[in-house]
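Structural features, examined
So you can see what is in the structure, the chains are spelled out below.
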Amino acid sequence: MEPVTQRHHEIRFDRGSVTGAIGDSITVVPLVVALALLTDVSLPHVLVAFGVFQVVWGMRYGLPVSGEPMKALAALAIAGALTYAELALAGLALGALLLVIGLSGTLARVERWIGEPVIRGVQFAVGLILFQTGVDLALGDPVLALGGVAIAAAAALAGHRKASALAVAVAGVVVALAAAGVPAPRLPGAPPLPALGTAVTRSTLDGVFAQLAMTIGNAALATSLLFADLFDADVTADELSASMGVTNLLAVPMGGIPMCHGCDGVAGKHAFGARTGGANVVLGAGYLAAALFATPALLAAFPVAMLGALLAIVAVSLARNVTDSGNLALSVGIGVLALATNLGVAFLLGVVAHLAWERVDAERGV
């Protein structure tokens, strides 16, 4: 007899809800801090958006659903390849696209067309882009950057390798607090208004296509499978696509950044003890509280070289997923091409190469 799946899970608040909340902040905090330091993104508004939608989807599904930045877009913005306006417009476009795909139930067909090696290649490319940016920032103060690496190594040796980037981020916050002092809490105010009219560019289109590959593979299909494996829960990929669409259409106008669900965030929450959406409520409350103290003075005091080490650690974590590719040569090629040209070109050529490769294999009867 097949296991009985549950559509909704009871929300509980226990020790696992508190520790599990850490699991989804491992990649969120480093990328959000980097975006706030290197772009025109408003950190308080981003934290509010993350806080709100952590709670919304945790309550909706009753499961430790992840909420994290769209990594391809975040990496491009951090590297200076996307302006804040282009980042926002890409998020809105993806929101509409994901909502339509989810409601129409066509996600599986889209995924087959893109192909798993292409998705892995985009992940690898994002890792390379972040690593290059991280190294450039770290060279500004190698001693401080090495301090960040030492903190990460200590966390890994203590058995917390997955939380090593978060440990560096916390250390950076401590340094910033020591320099700027504890800020007085204040409300974020009105959200920033990016000039979307100037964002209708080739860079925006490239970012949308590249991010779509990662979102479909990592944030929808893989996450749906992980919910079934870890929680015996029936949450379809199309449901997740639709919820990500709604999230972005609402979060971006709030001053948030493009957001998605991710299987790594779900796995992280589970590994740290989360079993229900209670972890989302705890983490959401933490983000909302942090938004009150994320002042420009505190952000300006964050050590940039340590941020470089932070990005490099996140980059290695992302890039290593390429080893799971069904066509390693194609995936690595996409990553290298993205670094040499741009992510959008690498993605499109990767899709063409994947389809051609599959056709050759089919003709050979492989």
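To start, this report covers the structure provided alongside it. Since this is a predicted model, take the numbers as computed values, not measurements.

A word on the overall build of the protein. A tally of regular secondary structure across the protein gives 17 helices and two strands. On C-alpha atoms alone, the protein measures out to a radius of gyration of 20 Å, which is about the 21 Å that the 2.2 N^0.38 rule sets for 366 residues. When the 366 residues of the protein are sorted by exposure, 52% land in the buried category. Relative to all contacts within the protein whose residues are 6 or more apart in sequence, the contacts with residues 24 or more apart total 88%. A total accessible area of about 15200 Å² is found for the protein, and carbon and sulfur atoms account for 68% of it. Charge separation in the protein, taken as the distance between the mean sites of 17 positive and 22 negative side-chain charges, equals 3 Å.

Moving on, we get to the nonpolar core. Of all hydrophobic cores here, the largest spans 91 residues; its most connected members are V126, L130, F227 and L343. Sort the elements by how many residues they give to this core and helix α10 (residues 202-231) lands first, with 11 residues. In this structure L343 touches A72, L76, V122, A125, V126, A210 and A338, once residues within four positions along its chain are discounted.

With respect to the helices, strands and loops of the structure, K269 is situated in helix α12 (residues 263-271). For K269, a relative accessible area of 0% gives the class buried. Polar side-chain contacts of K269 include one of 3.5 Å to the side chain of D24. Beyond its immediate stretch of four places on either side in the chain, K269 contacts G20, G23, D24, Q54, P64, V65, S66, A274, N280 and L283.

A separate point is the pattern of salt bridges. Scanning all chains against the criterion turns up seven salt bridges. Residue D14 is joined to R12 by a salt bridge in which the shortest nitrogen-to-oxygen separation is 3.8 Å. In this structure, the salt-bridge partner of R60 is E239, at a minimum N-O distance of 3.7 Å. Of this pair, R60 sits in helix α3 (residues 43-61) while E239 is found in helix α11 (residues 237-251), placing the two residues 179 residues apart along the sequence. Taking the relative accessible area as the measure of exposure, R60 reaches 36% and is therefore partly exposed.

Our next topic: a nonpolar patch on the surface. A surface patch of nonpolar side chains, amounting to about 350 Å² of accessible area, comprises F131, V135, L139 and V316. Within the element layout of this structure, F131 appears in helix α7 (residues 116-138). Residue classification places F131 among the partly exposed residues on the basis of a relative accessible area of 39%.

Let us now look at the side chain of S42. The residue S42 is located in the loop between α2 (28-38) and α3 in this model. For S42, a relative accessible area of 18% translates into the label buried. A distance of 2.7 Å separates a polar atom in the side chain of S42 from a polar atom in the side chain of H45.

Before going further, it helps to examine the packing of helix α1 (residues 15-23) against helix α13 (residues 278-291). Relative to each other, α1 and α13 sit at 65 degrees, their axes nearing to 8 Å. The hand of the α1/α13 crossing is right-handed. Residues S17, V18, G20 and A21 of α1 form the contact with α13, whose participating residues are G278, A279, V282 and L283. A per-class count over the contact of α1 with α13 returns five nonpolar, three polar and no charged.

As a further point, take the packing of α10 against α12. Here α10 crosses α12 at 30 degrees, and the two axes come no closer than 8 Å. Here α10 is positioned roughly parallel relative to α12, judged by the angle of their axes. Of the residues in α12, those in contact with N218, A222, T223, L226, F227, L230 and F231 of α10 are C263, D264, V266, A267 and H270. Of the residues that constitute the contact of α10 with α12, the class distribution is eight nonpolar, three polar and one charged.

Turning to the environment of L298, a few remarks are in order. The topology assignment puts L298 in helix α14 (residues 296-300). L298 sits in the buried class, given a relative accessible area of 15%. Taking the C-alpha atoms as reference points, L298 and W113, 185 residues apart in sequence, are found 45 Å from one another. With near-sequence residues (within four places) excluded, L298 lies in contact with A176, L177, A180, G181, P183 and F293.

As a further point, take unusual backbone geometry. For D232, which is not glycine, the phi dihedral falls at a positive 55 degrees. In this structure, D232 sits in the loop between α10 and α11.

With that settled, the discussion passes to the environment of A285. Mapping A285 onto the fold places it in helix α13. A relative accessible area of 44% means that A285 is categorised as partly exposed. Separated by 248 residues in the primary sequence, A285 and L37 place their C-alpha atoms 23 Å from one another.

The next thing to look at is the state of the cysteines. For the coordinates displayed, the defined rule picks out zero disulfides. Unpaired in this structure, C260 has its nearest cysteine sulfur neighbour in C263, at a distance of 9.7 Å. You can call C260 buried: its relative accessible area is 7%. For C263, a relative accessible area of 17% corresponds to the buried category.

Reading the values: rules and limits
Residues numbered from 1 in each chain as written. Predicted model: local features only at pLDDT ≥ 70, side-chain atom pairs only at ≥ 80, totals over all residues. Heavy atoms only, no water. Helix = DSSP H or I, 4+ residues; strand = E, 2+ residues; numbered from the N terminus. Rg over C-alpha atoms; globule rule 2.2 N^0.38 Å. Buried < 20%, exposed > 50% of the residue type's maximum accessible area, 1.4 Å probe, protein only. Contact = heavy atoms within 4.5 Å. Areas by Shrake-Rupley, 256 points an atom, 1.4 Å probe, with all protein chains shown as cover. Lys, Arg positive; Asp, Glu negative; His and termini not counted. Charge placed at Lys NZ, Arg CZ, Asp CG, Glu CD. Core = buried A, V, L, I, M, F, W, Y, C linked by side-chain atoms within 4.5 Å. Polar contact = N/O pair within 3.5 Å; in protein donor to acceptor, adjacent residues only side chain to side chain. Salt bridge = Lys/Arg side-chain N within 4 Å of Asp/Glu carboxyl O. Patch = residues over 30% accessible without salt bridge, like charges linked within 9 Å, V, L, I, M, F, W, Y side chains within 5 Å. Axes fitted to C-alpha atoms, helices over the stretch in contact; angles between N-to-C directions. Left-handed = near helix turned anticlockwise from the far one by under 90°. Nonpolar A, V, L, I, M, F, W, Y, C, P; charged D, E, K, R; others polar. Parallel < 35°, antiparallel > 145°, perpendicular 65-115°, else oblique. Disulfide = S-S within 2.5 Å.

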